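Observations on the three-dimensional arrangement
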Amino acid sequence: MNTPAEPTDDRRPGPAPAQSVPVSDADDRKRPQPADADDRSAVTGKRRIAFAAYADEDRMPGLLVLLRSLALADPAVCEDFLLLHPGLPDSALDAARRLHPRLVPRIAESRLDAFRATGYDTVVALGPDMIVLRSLRPLLALRTGVAAVPQPAPGGRRLVRDDGLLVIQRQDVTDDLLDALAEGGEDAVGRALTEAGILEPLGSPYDFPADRLYDGVPVPGSTVVLHLGEDPAPGTPAHEARERFALDDAAFRAAYCALPGPTHPELLLHCALPFPEEGRAPVDLVRRVAEVHRQQGRYDEAVALLKAAVADRPDLPRCQEALGISLMALSRYEEAEAHLLLATVSPDFAARAYGQLARLAWLLGRTEDAAAYAREGLDADPTDGNCHAWYVRTRSAEAPGQGPADEQLAHVALFADGQENAGDKVLPEAVRMCFGPDTGPARWHERSVHRLVDEPALEELNARRGIVVGGGGLFLPDTAPNSNSGWQWNIPDDVLARITAPLAVFAVGYNVFDGQRYRRERFGESLRALVAKSAFFGLRNHGSVDRVRELLPEELRDRVRYQPCPTTVARHLDPGLDDGVSRDDTVLVNCAYDRAGLRFGHDYGHFLAESAAAVRAIGERAEVRYAAHMPADEKFVHDLRREHGIALPVEPLYLFTNDRIRELYRRTRLVIGMRGHAGMIPFGCGTPIVSLVSHPKLAYFLADIGRPDWGVSVHDRSLGARLAERAAAVLDDHGAAVADVRGRQEHLWSVTRANLAELRGVFGLPDPAPRSTRVPGPRAAEGARGLHLPDTRTK
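Residues numbered from 1 in each chain as written. Predicted model: local features only at pLDDT ≥ 70, side-chain atom pairs only at ≥ 80, totals over all residues. Heavy atoms only, no water.

Some thoughts on the overall build of the protein chain
- Each helix and strand in the protein chain was counted, giving 31 helices and 25 strands.
- For the protein chain, the proportion of its 795 residues judged to be buried stands at 58%.
- Once local pairs closer than 6 in sequence are excluded, the contacts in the protein chain between residues at least 24 apart make up 73%.
- Counting every atom, the protein chain has about 31100 Å² of accessible surface; 50% of that belongs to carbon and sulfur.
- Each charge class in the protein chain can be summarised by its mean position, and for the 95 positive and 114 negative side chains these summaries are 4 Å apart. (Helix = DSSP H or I, 4+ residues; strand = E, 2+ residues; numbered from the N terminus. Buried < 20%, exposed > 50% of the residue type's maximum accessible area, 1.4 Å probe, protein only. Contact = heavy atoms within 4.5 Å. Areas by Shrake-Rupley, 256 points an atom, 1.4 Å probe, with all protein chains shown as cover. Lys, Arg positive; Asp, Glu negative; His and termini not counted. Charge placed at Lys NZ, Arg CZ, Asp CG, Glu CD.)

Section: the packing of aromatic side chains
- Summed over all chains, the structure comprises 19 aromatic pairs.
- Their ring planes at 45° and their centres at 6.0 Å tell us that Tyr593 and Phe600 sit as a pair that is tilted. Just as Tyr593 is buried, Phe600 falls in that class too.
- Feature note: the residues Phe475, Trp487, Trp489, Tyr510, Phe523 and Phe537 constitute an aromatic cluster, connected by ring pairs.
- Lying across the ring of Trp390, Arg393 places its NZ or CZ 4.7 Å from the centre. (Phe/Tyr/Trp six-rings, centres within 6.5 Å; stacked < 30°, edge-to-face > 60°. Lys NZ or Arg CZ within 6 Å of the ring centre and 35° of its normal.)

Some details on the packing of helix α10 (residues 283–295) against helix α11 (residues 299–310)
- Contact geometry for α10 and α11: axes closest at 7 Å, N-to-C directions at 160°. Between α10 and α11, the angle falls in the class roughly antiparallel. When you trace α10 past α11, the crossing you get is left-handed. On the side of α10, the interface is formed by Val286, Arg287, Val289, Ala290, His293 and Arg294, while α11 contributes Tyr299, Glu301, Ala302, Leu305, Leu306 and Ala309.
- When the residues that make up the contact of α10 with α11 are grouped by side-chain class, the tally is 8 nonpolar, 1 polar and 3 charged. (Axes fitted to C-alpha atoms, helices over the stretch in contact; angles between N-to-C directions. Parallel < 35°, antiparallel > 145°, perpendicular 65-115°, else oblique. Left-handed = near helix turned anticlockwise from the far one by under 90°. Nonpolar A, V, L, I, M, F, W, Y, C, P; charged D, E, K, R; others polar.)

Some words on the sheet that holds strand β24 (residues 689–693)
- Strands sit in the order β22-β21-β20-β23-β24-β25 across an open sheet of 6 strands; the sheet is parallel. Lying at the two open borders of the sheet, with one neighbouring strand each, are β22 (650–652) and β25 (711–713). Within this sheet the neighbouring strands show an average axis-to-axis angle of 20°, counted without direction.
- With 4 bridges joining them, strand β20 (residues 586–590) and strand β21 (residues 623–628) adopt parallel strand pairing. When the bridges of β21 are listed, Val589 appears paired with Tyr626.
- On top of the sheet, helix α25 (residues 604–619) reaches β20, β21, β23 (670–673) and β24; it is set at about 135° to β21, its chief contact. (Pairing = 2+ DSSP bridges.)

Structural notes on the nonpolar core
- Membership of the largest hydrophobic core comes to 63 residues, with the highest contact counts inside it found for Phe51, Leu63, Phe81, Leu136, Leu139, Leu202 and Leu226.
- Of the residues forming this core, the biggest block, 9 residues, is contributed by helix α2 (residues 60–73).
- Residue contacts for Leu139: discarding those within four places in its chain leaves Val124, Leu165, Val167, Leu202 and Tyr206.
- In terms of nonpolar packing, the next biggest core, distinct from the first, is built from 46 residues, Met433, Leu588, Ile705 and Leu759 among them. (Core = buried A, V, L, I, M, F, W, Y, C linked by side-chain atoms within 4.5 Å.)

A word on empty space enclosed by the protein
- For the coordinates displayed, the defined rule picks out 6 cavities of 30 Å³ or more.
- Estimated volume of the largest cavity: approximately 100 Å³.
- Lining the largest cavity we find 17 residues, and of these Phe51, Leu70, Ala71, Asp74 and Val77 sit closest to its centre.
- Within the residue set of the lining of the largest cavity, elements represented by two or more residues are α2 and α4 (137–140).
- A breakdown of the residues in the lining of the largest cavity according to their chemical character gives 11 nonpolar, 2 polar and 4 charged.
- Lining the second largest cavity, in full, are Arg540, Asn541, Gly676, Gly679, Met680, Ser691, Lys697, Leu698 and Phe701.
- When contributions to the lining of the second largest cavity are tallied by element, the ones reaching two or more residues are α28 (677–684) and α29 (696–704).
- Counting residues per element, the lining of the second largest cavity draws most heavily on α29, which supplies 3 residues.
- Partitioned by chemical class, the residues of the lining of the second largest cavity number 3 nonpolar, 4 polar and 2 charged. (1 Å grid on protein atoms, 1.4 Å probe; cavity = no way out; pocket = protein on both sides within 12 Å on 5 of 7 lines; lining within 4 Å. Points joined across faces, edges and corners; volume = space filled by probe spheres on them.)

Structure representation (C-alpha cells):
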C-alpha cells in the first residue's frame, strides 16, 4: 500500500520508566515525559505514537527478542513501547527496561486493550512471537482506520488474525467497535474491523507467518515482520532469523552501537552508557554519545566525556571541535578557544573550527579577532559559508553616528543580517517604532543579545536612559546556548544585579518546541532574577505568560504581563501601512524546517501531500506564491516539486528590506504561514492569515486574538481540505476578512498603548508626537531582488 514519505528527523525525547497503570476507557492518561522535556502536543496536535505488546510471564522471553529486533531493524526509531501485562511484579520488567529506554508498563487483560484509551493517538500492536526485520517507519506514517494484514484462510477467504500486527488509530475506535471486540469469538478482530468499515489492508511483508515457509524456504527478503507463532524448529530459516536476536544484554548493546548510519539519541545513550570500566570505549562512540548530550542540553556531561577522550590525544580534531563547542555552551570561553585551535590543525576540520572561533571571539566583543579567524577559515576553505558570514559581519566598517548616551535607549535583541530570518530583521525595528519614529543609532544603542555582558558592556548599558530587551522568542535554550542565563541573553546573574538603568523586557516569547528538552534549573534562576530586576516584564502571548509564571515563585508571578509582538500592530506604528491598498490576486505560503523532527514527527509526508492538495485547490482561485523567510524554508518548494509535481514562484524575503517585506504581505490577499512572523507580520499589516501550527506559539497568538479557527495543525488529518476551505472563505469575502483582522488588532493596540504609556514614565520619555513622517529603514537593509511587484514607495 502507499504510505507517506518518511520524516526528516526523529529526535523526540522519551519518558523515564513509569509504574504500571491499569488501562481503562475512562482513563486516557497523558504519556509520561522526562522532567526536562516540554510536552505541548495538546496545543500543536502532534500525534502521540507507541508500539505495544501484551506479555505474561511465559511470553516475556519472546518480548525481549522482539525488543532487540525492533531496535536493530531501524536504529533511528525509538517510540514509546507500551508493555501490556496481567499484573506482573515490577521486577519482572527489569530485563525489558534494559533493552528499551521508553518502556511504559500498563496492566491490561489482553492485547485488545491496545484499542482502549492509552494516552496515545497511534498504537502499533505487535506480539512477543514476532520479530522485526526491516524498518516499521512506514507504519508510523499511517493516519486512518486500523491497518492489518488479511491472511489466507481455508475456503479462499482472508481474515485478520486476532494475534496479528495492528496499527490502531485511536480516533477511529468507537464504543461499538470496543463492544464488538469484547464479544470475542473466531476472527473477532477481523469481523469487528470489517463491520466498522475501518480495516486498512496491509501487504503481507508486514505480518508474514513463519508457517508459510515450507521445506526450508528462506525468509523472503521483503519481510518486515516475521510472525513466528509457535517456537520454530531448530535449523529452520525462521529459527535462524529468531536466533539473530537471541543476544545477551552486552552483545545487544555492542551490536546496536556498531550499526552504521543514524541512531536514535535515546537508544544510543541507553545502549552505550555506562561505558565498560575495563578498557577504553571507541573514540567515535564517545564523540557520538557526547554529541547526544550536547543536543539535549547536557553540556557538562558532554565535556566530561570529551575531556577524557582527548586527555592524551591531541590528534582528534572532531573531538576537539565538539569539546570546544560544548565548553562555549558552558560559557567556559578560554578553554573552548584552546580546544578549537587544536581542531584547526586538521585540514579537514580547520574551516569549521575557525568558524566557531570567529563566533566565540564575536561573543566576547573581540570583533577584530573574529574577523581574523573568519578569514583564516576562508583561507582553509574558500567555500565555507559559516566563515564567509562571520567575515562579512565582522570586517571593518564605519560605525554609525551615535547620539548622546543619556538620550539613548539600549536595545538588547537578536539582530539578523545577511540571509538570516526575515522575521528577525523586521522585529527589532518594530520594537523601536513603538517608542518613536526614529529607529536609528541617534536614539538607540544596539547590543546583540548573544554577546557576553561583561564589565565594559555593563558600563555601556548603564550609561543609557533605559534598556529594552526584546522582542522575539528569546526564551529558547538551544539558540546560542550559554550557562550564564540558560536562555539567549548572555548575562551572568551578578552582572544583571548591577544594572542601574531601568530595564524593560518587551514582547519576549517562551519559544520552547513541543517535545524539546532543556534544563530548567539555570534558566529558572536567571528568570527569577530578571523578573525581580525588571521595571516592566511583558511577554508576547498569554501562553508564554502562563509558561513563565509556572517557573516563578508566587510573589513574582503578577509582574509578568501581556505585551503583544509589535509586528502585530504595524498599521498603528507606520502610517504608510494604514492607507487603503489594492491587493494582488495572490496567496502566500510559508513553511519552516528548523527542528523538523519536533515540528512534524512522523507526519511530514502527510503534511506535504495535504499541502499539495491545498495548493492545487487554492491555485484555481488565486496565484499561489511561496514566501521564504530563510533560504532553508525553500525545502518546501523543492519537496513539493519533486514529490507532487507542483512548482511555486519564490519570494526570497531574506533578501528584502523591511519595507519590502511589509509591502509584500500588505498587498497579498491571504498568508498561510508556519513561522510565527509569517502570521504576525501580515496580520499587523491588515492581511488575513491561516497558521500552520507546528509550534505552540502559533496557537498561543491565535488564542490571544480569539481566532483559534485560523490555525490548522500540520498533523490534522484533513489539513488540505481545511486549508482550501478557509482560503475560499477569505477570498470569497475578502473585505469582511480584512475588517475582522483590523478589528481584532484593536485590542492588541490598546494593550500596547497602555504599556507604552507606563514605559514612557519608566524611561522618562516625552509623550509621542503625531505620526506623520516616514519611519527610517533599518541600517542593514539591502535592496530587494526578484519581487514581482513594483516598489511604489521608493519612486
